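# Secondary and tertiary structure notes
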Amino acid sequence: MRAKRVAVVQRKGGVGKTTIAVSLAAEISRRGGDVALIDADPLRSACHWAELGGLTYPIQQITLHPGQPATRWVNAVSRVAGAYVVIDTPPVDDAVAASIALADVAIVPCLPSGLDLEATGRTLDVVRVIRARRSAPLPVILVPNRVDRRTLEGRQIVEELERFGEIIAPPIGSRYSFVRAFSSGISVAALDPGGSAAHELGVLCDLVESYLHQKPAVRRAEPSRAAVQPSHDHEAASAS
Ligand SMILES: Nc1ncnc2c1ncn2[C@@H]1O[C@H](COP(=O)(O)OP(=O)(O)OP(=O)(O)O)[C@@H](O)[C@H]1O
Ligand SMILES: [Mg+2]
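My aim in this report is to walk through the structure given alongside it, one point at a time. (Residues numbered from 1 in each chain as written. Chains lettered and ligands numbered in written order. Predicted model: local features only at pLDDT ≥ 70, side-chain atom pairs only at ≥ 80, totals over all residues.)

Surrounding ligand 1, one finds 20 residues, the nearest of these being Gly-13, Gly-16, Lys-17, Thr-18 and Thr-19. Listing elements by their share of the shell around ligand 1, those giving two or more residues are helix H1 (17-30) and helix H7 (176-184). (Near = placed C-beta within 6 Å. Helix = DSSP H or I, 4+ residues; strand = E, 2+ residues; numbered from the N terminus.)

On to the environment of Gly-16, then. Relative to the elements of secondary structure, Gly-16 occurs in the loop between strand S1 (4-8) and H1. When the 21 C-beta atoms within 10 Å are taken as the criterion, Gly-16 is described as buried. Residues Gly-16 and Val-108, spaced 92 residues apart in sequence, show a C-alpha to C-alpha distance of 9.3 Å. Setting aside anything within four residues of it in sequence, one finds Gly-16 in contact with Pro-109, Asn-145 and Arg-146. (Buried ≥ 20, exposed ≤ 12 C-beta atoms within 10 Å, placed from the backbone. Contact = placed C-beta atoms within 7 Å.)

This paragraph deals with the packing of H1 against helix H9 (residues 196-212). As a packed pair, H1 and H9 sit with axes 9 Å apart at the nearest point and diverge in direction by 80°. It follows that H1 is roughly perpendicular to H9 by the angle criterion. Contact residues: Ser-23, Leu-24, Glu-27 and Ile-28 in H1; Leu-201, Gly-202, Leu-204, Cys-205 and Val-208 in H9. Grouping the amino acids of the contact of H1 with H9 by side-chain chemistry returns six nonpolar, two polar and one charged. (Axes fitted to C-alpha atoms, helices over the stretch in contact; angles between N-to-C directions. Parallel < 35°, antiparallel > 145°, perpendicular 65-115°, else oblique. Nonpolar A, V, L, I, M, F, W, Y, C, P; charged D, E, K, R; others polar.)

This is how it looks when you write it as structure tokens:
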């Protein structure tokens, strides 16, 4: 059976694609899943994260260079073995389209800002094109990231995302654990087992797995308010 693929995409840079891709793969691995992460970004951020040797799963660099035909990249990623493949995608149109086309589930991180909401709309334009071309369902999970509920933007982000009509994950807080996990070359669960960041990633992983394993008869999940729960910012980044 081929690997179940999760594409982490967003047309805007710096929204947490690499952070979420590396952390989600780490959580799948921690649960015993046979997972590989594909670093498609020429900047190689996920590879840099892995360089200290503290991640428990393989990271393969299969770069998708801007302007290059995606066919060879698609073939290479399709051949990656394992039960799960998580793809960290650069914020470039062609790459977003290629990554989504291969995916069983797409994750779109979004920061609480007007610019990011606009970029999310443009990312979903690409999703629409790909959905029209394929028969398999494509659940898209919007992930509010770096959410600080002390701010108006942080409190409103879930409501703002609802207009897109996609699945919305419970927010991920703005937490230094993610920054420290990167500089230490380990997962947030290894850095702070039982901490808020690890808990939020566990919840996201539950949600992703539920869509990866849903019955094929379901064309596409309805937007799920049930997936939305308030986040508790025990460790807001600005506070630690
Ligand atoms: N929830 C979070 N809390 C605090 N910091 C975060 C969080 N998510 C991401 N960051 C930080 O934000 C910065 C950008 O994150 P990341 O590199 O994952 O974004 P990206 O979307 O992959 O960027 P690019 O488009 O450049 O590849 C990093 O310094 C990362 O540590
Ligand atoms: Mg990145």
